[in-house]
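Descriptive structure summary
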Amino acid sequence: MDKLLQRINELARKSKTEIGLTAEEKVEQKDLRQQYIQNFRGTFNEILLNSTVYDPEGTDVTPEKLKKVQRQANLEKAQEILASRNITFLEDGTIARKED
């Protein structure tokens, strides 16, 4: 991530000079910026998925929408772990082990 940001800054500085950027560098700059934004959003989403909001009295005031997304993410992680162990949840809520 540091090298990515360093290169973005190098290209930004060069773009402000009289020489400017070549066509290839402009494409590279655009791609690097998109990569940076994707990395940032991914990190930000991970932080949110592991956050709880409390008011000054200590009451959990995490928005329901965030709680729902957190539950879904945790369920998906659990299903991945179980699938790697040949275990699956059935629609009726029971658990079944897959035979090899």
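Placed above this text is the structure.
Structural notes, computed from the coordinates. What you see is a predicted model; the values in this text were computed from it and never measured.

Let us look at the packing of aromatic side chains. One pass over the structure, following the stated rule, counts one aromatic pair. Aromatic pair phenylalanine 40 and phenylalanine 44: ring centres 6.2 Å apart, planes at 15°, arrangement stacked. Within this pair, phenylalanine 40 and its partner phenylalanine 44 are both found in helix α2 (residues 23-49), separated by four residues, close to a single helical turn. A relative accessible area of 48% places phenylalanine 40 in the partly exposed class. When its relative accessible area of 42% is taken as the criterion, phenylalanine 44 is described as partly exposed.

Quick look at the environment of isoleucine 8 now. Within the fold, isoleucine 8 resides in helix α1 (residues 2-15). Note on isoleucine 8: relative accessible area 9%, which makes it buried. Separated by 30 residues in sequence, isoleucine 8 and glutamine 38 have C-alpha atoms that sit 14 Å apart. Non-local contacts of isoleucine 8, meaning those with residues more than four positions away in its chain, are made with Leu32, Arg33 and Tyr36.

What follows concerns the side chain of glutamate 25. Within the secondary structure, glutamate 25 sits in helix α2. At a separation of 3.0 Å, a polar atom in the side chain of glutamate 25 contacts the main-chain amide nitrogen of threonine 22. Non-local contacts of glutamate 25, meaning those with residues more than four positions away in its chain, are made with Arg7, Leu11, Lys14 and Gly20.

Further remarks concern the side chain of glutamine 70. Turning to its location among the elements, glutamine 70 is positioned in helix α3 (residues 64-84). Within the structure, the side chain of glutamine 70 is placed 3.2 Å from the backbone oxygen of leucine 48, a separation counted as a polar contact. Polar side-chain contacts of glutamine 70 include one of 2.7 Å to the backbone oxygen of serine 51. With residues up to four places along the chain from it excluded, the contact list for glutamine 70 reads Leu48, Leu49, Asn50, Ser51 and Thr62.

Let us look at the nonpolar core. Of all hydrophobic cores here, the largest spans five residues; its members are Leu4, Ile8, Leu11, Leu21 and Leu32. Apart from residues no more than four positions distant in its own chain, leucine 11 is found in contact with Leu21, Glu25, Glu28, Gln29 and Leu32.

Here is what the cut-offs are and how they apply
Residues numbered from 1 in each chain as written. Predicted model: local features only at pLDDT ≥ 70, side-chain atom pairs only at ≥ 80, totals over all residues. Heavy atoms only, no water. Phe/Tyr/Trp six-rings, centres within 6.5 Å; stacked < 30°, edge-to-face > 60°. Helix = DSSP H or I, 4+ residues; strand = E, 2+ residues; numbered from the N terminus. Buried < 20%, exposed > 50% of the residue type's maximum accessible area, 1.4 Å probe, protein only. Contact = heavy atoms within 4.5 Å. Polar contact = N/O pair within 3.5 Å; in protein donor to acceptor, adjacent residues only side chain to side chain. Core = buried A, V, L, I, M, F, W, Y, C linked by side-chain atoms within 4.5 Å.

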